[in-house]
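Chains, contacts and geometry: an overview
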Amino acid sequence: MDLRNQKRMAASVLKCGVNRVWIDPNRIDEVADCITRADIRTAVDSGSIKALPKNGISQGRTRYAAAQKEKGRRKGPGSRKGTTNARSPQKRRWIQTIRPLRDELKTLREDGTITPSVYRRYYMRAKGGMYRSRRNMRQHMAAEGLLEEEK
């Protein structure tokens, strides 16, 4: 039975696409008799014709990919677009290095472990990029005899 005309009218009445129009397979004869929009509206009210729900887009794959990236996967060279410095800027890396060093120097000066002149010398060296980390700086200090040996 050809119900294309009924589907088209139902789509217009229901304000949806033709593919979303559902016709009850048990009441096909009823729907086939519908030849006006008023008949279609009646069929919609009786439940013979319905609009199917819109299809959404599942977030499952997205969530899975995000979880994998959190674990450090999917980050190989084939997935990268920018340069290393675009992905984590040099400035950010410098900030992450210098702040702990300056913090460490400040602590050592405040508790009297180093003198202000030693503080100034190490501050300027840190600014010059001489030390990689707090530990590296403390090792240099220990080597110069300013701190007890690092373990």
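Residues numbered from 1 in each chain as written. Predicted model: local features only at pLDDT ≥ 70, side-chain atom pairs only at ≥ 80, totals over all residues. Heavy atoms only, no water.

1. As for unusual backbone geometry
Of note in this structure, lysine 15 is not a glycine but carries a positive phi near 55 degrees. On the secondary structure map, lysine 15 appears in the loop between α1 (4–14) and β1 (21–23). In this model, arginine 74 sits at a positive phi of 60 degrees, which is unusual for a non-glycine residue. One can find arginine 74 in the loop between α4 (60–70) and α5 (84–87). (Helix = DSSP H or I, 4+ residues; strand = E, 2+ residues; numbered from the N terminus.)

2. Regarding the environment of isoleucine 40
Mapped onto the elements, isoleucine 40 comes out in helix α3 (residues 37–46). Isoleucine 40 sits 26 residues away from leucine 14 along the chain, and the two C-alpha atoms are 9.6 Å apart. Apart from residues lying up to four places away in sequence, isoleucine 40 is in contact with Gln6, Met9, Ala10, Val13, Cys34 and Ile49. (Contact = heavy atoms within 4.5 Å.)

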